[in-house]
Amino acid sequence: MEAAKRAMCVDDPINPLITTTLQASGILVISHFFHIILKPMGQPGPVAQILAGIVLGPSLLSHFSVIKEFFLQSSSADYYDVFSSIYNILFMFLIGLETDIPYLRRNLRRASIIAYGGMLICSIFGLAASFFIIRILKFSANTVALANVIMIILATTASPVVIRLAAELKFSTSDTGRLAICSSLINEITCVLWLCLIVIFMSWSMFGRAILFSLLSLGLIIVNKYIAAWCDQRNRNQKYVTNTEMLSILFLVIALSFLTEEYGFNSTIPCFLLGLFFPREGKTTRTLLIRLAYSVHNFILPIYFGYIGFQFNITYLNSYRNVIAVVLMLILSMGGKIIGTLAACHYLNIPEIDGIILSFLLNMKGHAELLVVGVLRKSIVSSWWDQNIHNLVVMVVVLNTVISGPAVAYMLRKNSKYYSQKQTSLEFREPESELRMLACVYGSRHISEKVGLIFAMSGTSETPTTAYLAHLVELPKKRRKKKLMYHQLKDGDQFSDEEEYGGNEVVEINDTVDTLTMETKLMIHQSKVVSSFPRMYEDVCDAIEDLRVSIVLLTFHKHQRLDSELESGKEGIRLTNQKLLRHAPCSVGIFVDRGQTGFHLPTPESLQNVATLFFGGADDREALACSKRMATHPHINFTLIRFQEESQSEHKEFLDNTSHSNTEILMEMSSRDMEAEIDRAFLEDFYKRYVASGQAGYEDRYVNNRAQTLEALTSIAERFSLLIVGRGGRWHSPITSDLSDWEECPELGTVGDLLASSEFNINCSVLVVQQHQLSEADLTDD
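Residues numbered from 1 in each chain as written. Predicted model: local features only at pLDDT ≥ 70, side-chain atom pairs only at ≥ 80, totals over all residues. Heavy atoms only, no water.

**Remarks on the environment of isoleucine 101**
Here comes step 1: Here isoleucine 101 is to be found in helix H6 (residues 101-106).
Here comes step 2: As for isoleucine 101 and cysteine 182, which are separated by 81 residues in sequence, their C-alpha atoms are 9.6 Å apart.
Here comes step 3: Residue contacts for isoleucine 101: discarding those within four places in its chain leaves Leu276 and Arg280. (Helix = DSSP H or I, 4+ residues; strand = E, 2+ residues; numbered from the N terminus. Contact = heavy atoms within 4.5 Å.)

Below, the structure written as structure tokens:
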């Protein structure tokens, strides 16, 4: 009874559970205060959270006896250990869920070389320094294990700190940021294995346990696949799985991790692997990502980093021997990372500025201390682990992070132009390079065809693609009567989704995406943008910059009725499209969906006939560049159709034969002739790559007037399920200049407006593409 009362904090006002809770609350409050001050200076959250722990810890507030007696109780150590273990389990499991597996697979060699380059030099430095540190600090017990600990502390990288810092600095979607995250994961997993090997080789009885826990982790990975599939099937008509099912999965993960920790091993690797191999599609994964991401990023990681700072004790530096040891380890850690990482980057031909950023990122600490303490203190070699070693490790970890974090933020801010989104149009990109695209939908009406378009643009399974899907939800101007979220509606005593706020649409959108993911293994990252129509384009532009996409696919404001006619939808959708055409920092595609009669998901049973109409100009070249991957898609029959003036065919043939040999003619060309020459070179390259190899078809259409153009477009539309055309807003081809009588939606351009017109009765879908053009400011900066 007494134990129960104490556990419930009834009799003891300073129960360890109370002190632990108040300590966590104090860290959150103080870290938020520091974050408000440091964020305008570009400093990341982990730095503010570690500083909050330092302020609350024995270096400042807990230095006073009253606060020290309250926070630093010997009986609270078990609470700290349990909470730290749970925090470690949850965020490593989340890191595994969020890991970009396709990118990691493509760049495993580069990431490994960078990770092991810094580790190798730091390990050499650590081995050399360990003899001096052991001697100056007068350590005598188990010097071999201590030397390994010093090497690991210098060599390790805290992947949670790197991931969080990169996300807050909006650096995680850049190639350098993703490379740093992958390298930090490889580094940390290697160091954890190193720690486990130390324990195993010092006690061979641990070897059998290591095999046992490896088999248990493998078994749980397999079990999770069946549990996730069962939960998805059971909640077929729901947006998410129930909290009970989610907690059951987390209970299995935590139980295995606690069992691993109890027998002297660290649970970092099992937790990470459980998340890494968890099924990527379905409601279960989506629920875990949403629920865990919020709690981990807003509560768990701030408390975790704050607890590391809380252990920082400035009084440890009251001896010159300790100061020398700490300074030496700091210098060797930073120097080793810089030398090793720069050498690896030089070998990989990575620019020097990227190498410097990577070296400081990979010098981030914060997780290593708890790994070392957790493994060694609970193993049979813990007899030599004393408070002196503990303080040395904490000092190095905290000071490394506090120094490296602001350094990275300063370098990124100084080189913001270099690391900003590269304004490169698809025309100038190699088809084999990664394509990052963002598709926007307003509801479930067009989701199937939009997802099919994403799949078609992904090309073959070998071409790297990163696809994002944003569900745009209108936030009405009228204030709601009840204090509910935008997606909630009070229905008696129950909350349900309100259709006009996109709630009921989500289930169908999620199911369509999950079906595609299971069939094609193409991951589509989903998000929701809730905004009023006047400001929605700003949120989409922000998402484009943050995600660094090359093209955004928008939904046309008209939709197809059951009688195959196009009916206008909300005017706000059209206004958003028009604003994005003017302001989007990437190429823009507007998809006119005729899903009943037009484009569908390409499958072996449903081959899709797709054509690109080429009239000339930058937008048409961008449309053709957007089509290159479709030409390689195994379930698409692609054809390039080039429109030319019949009266100028002889002149064009003469120009093609003389343009390369006569420089005077080139110098005298008008701007339109120069554009025609660029078109010719681009078409020639496409023909050699795709038409000559049999991957695509090619047709020439010669027309002289409007009637011939309309006749040609009508016959073409009957053969294909999707037509791709450039917007053509920069200069008008003589072939299309007479078609402006149909101008109804000028945002689609002359040809696109005609193909989307109700008067021009066709059954195929249309994709209108506008190439992003650099502004004068961008050209000046370059």
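**Describing the pairing of strand E11 (residues 636-645)**
Here comes step 1: For E11, the buried fraction is high: nine of the ten residues fall into the buried class.
Here comes step 2: Viewed along the sheet, the connection from strand E10 (residues 608-614) through helix H24 (residues 618-632) into E11 turns out right-handed.
Here comes step 3: Judged from the eight bridges that link them, E11 and strand E12 (residues 696-703) form a sheet pairing that is parallel. Among the inter-strand pairings, phenylalanine 643 is bridged to a residue of E12, identified as arginine 701. (Buried < 20%, exposed > 50% of the residue type's maximum accessible area, 1.4 Å probe, protein only. Right-handed = clockwise from strand over helix to strand, strands pointing away. Pairing = 2+ DSSP bridges.)

**Structural notes on the nonpolar core**
Here comes step 1: One finds Phe93, Ile114 and Leu392 to be the most contacted residues of the largest nonpolar core, which totals 113 residues.
Here comes step 2: Leave out the neighbours within four places in its chain, and isoleucine 114 touches Leu179, Ser183, Thr341, Ala344, Cys345, Leu348, Ile350, Leu358 and Leu362.
Here comes step 3: Ranked by size, the runner-up nonpolar core spans 52 residues in total, among them Ala470, Val540, Ile573 and Ala717. (Core = buried A, V, L, I, M, F, W, Y, C linked by side-chain atoms within 4.5 Å.)

**Topic: the sheet that holds strand E2 (residues 465-474)**
Here comes step 1: Ordered in space as E5-E2-E1-E6-E9-E14-E13-E10-E11-E12, the ten strands form an open sheet in which the pairing is mixed. Each edge of the sheet is formed by a strand with only one pairing partner; in this case those strands are strand E5 (524-531) and E12. Strand-to-strand twist of the sheet, defined as the mean angle between neighbouring strand axes without regard to direction, takes the value 20 degrees.
Here comes step 2: Two strands pair when backbone bridges link them, and E10 and strand E13 (residues 722-726) are joined in this way by four bridges, in the parallel orientation. Following the sheet pairing, threonine 612 is matched in E13 by isoleucine 724.
Here comes step 3: Running at roughly 155 degrees to E12, helix H28 (residues 706-717) makes contact with E10, E11, E12 and E13 of the sheet. (Axes fitted to C-alpha atoms, helices over the stretch in contact; angles between N-to-C directions.)

Interpretation in functional terms is not warranted from these geometric data alone.
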